[in-house]
Amino acid sequence: MWSVCLVMPYKTSSLNENRNLLCVLCRRGYDVFCFARAGAQAVGLDLCTEAVAVAAGERDKELAQHPEAAARAEFVAGNFFEYQHTSGQQFDVGYDYTFLW
């Protein structure tokens, strides 16, 4: 699904603006973009530094017309079990589609 740049439409149906969301195994970042467009501060976390670099590049392309959403989409390389945001922020929502399959 991610390779064709699609996201599931139900993802933002219950998401209010101004929420802090952690998206685990973000890969190319499409879920993070979706949540950021909906008004969430979205952090994409992935173990793979290459995936984080690709997602950041995709953000620049995908959200070029939406600078406010681009500012809310952040990508970080790290381990889910050890991760703590540098600001110390807590997350309202944790999202994952394939984590620990």
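Below is a summary of the structure that appears in this document. Since this is a predicted model, take the numbers as computed values, not measurements.

Brief notes about helix α2 (residues 49–62)
Over its 14 residues, α2 runs 20 Å from end to end, which matches the ideal 20 Å to within 8%, given 1.5 Å per residue. Where α2 is buried, its residues touch α1 (30–37), β2 (41–46), α3 (67–72) and β3 (73–77).

Considering the sheet that holds strand β4 (residues 93–95)
Pairing is parallel across the open sheet formed by four strands, whose spatial order is β3-β2-β1-β4. Two strands close off the open sheet at either side, each with one partner strand: β3 and β4. The mean angle between the axes of side-by-side strands here comes to 20°, regardless of whether they run parallel or antiparallel. Contacts from α2 reach β2 and β3 within the one sheet, and its direction differs from that of β3 by about 165°.

Comments concerning the environment of Pro67
By secondary structure assignment, the location of Pro67 is in helix α3. Taking the relative accessible area as the measure of exposure, Pro67 reaches 54% and is therefore exposed. As for Pro67 and Arg37, which are separated by 30 residues in sequence, their C-alpha atoms are 9.8 Å apart.

Let's talk about unusual backbone geometry
A positive phi angle is found at Leu25, which is not glycine, with a value near 55°. Relative to the helices and strands, Leu25 is located in the loop between β1 (20–24) and α1. Positive phi outside glycine occurs at Arg27, with the angle close to 50°. Within the element layout of this structure, Arg27 appears in the loop between β1 and α1. On the basis of relative accessibility, which here comes to 43%, the residue Arg27 falls in the partly exposed class.

Here is what the cut-offs are and how they apply
Residues numbered from 1 in each chain as written. Predicted model: local features only at pLDDT ≥ 70, side-chain atom pairs only at ≥ 80, totals over all residues. Heavy atoms only, no water. Helix = DSSP H or I, 4+ residues; strand = E, 2+ residues; numbered from the N terminus. Expected span 1.5 Å × (residues − 1). Contact = heavy atoms within 4.5 Å. Pairing = 2+ DSSP bridges. Axes fitted to C-alpha atoms, helices over the stretch in contact; angles between N-to-C directions. Buried < 20%, exposed > 50% of the residue type's maximum accessible area, 1.4 Å probe, protein only.

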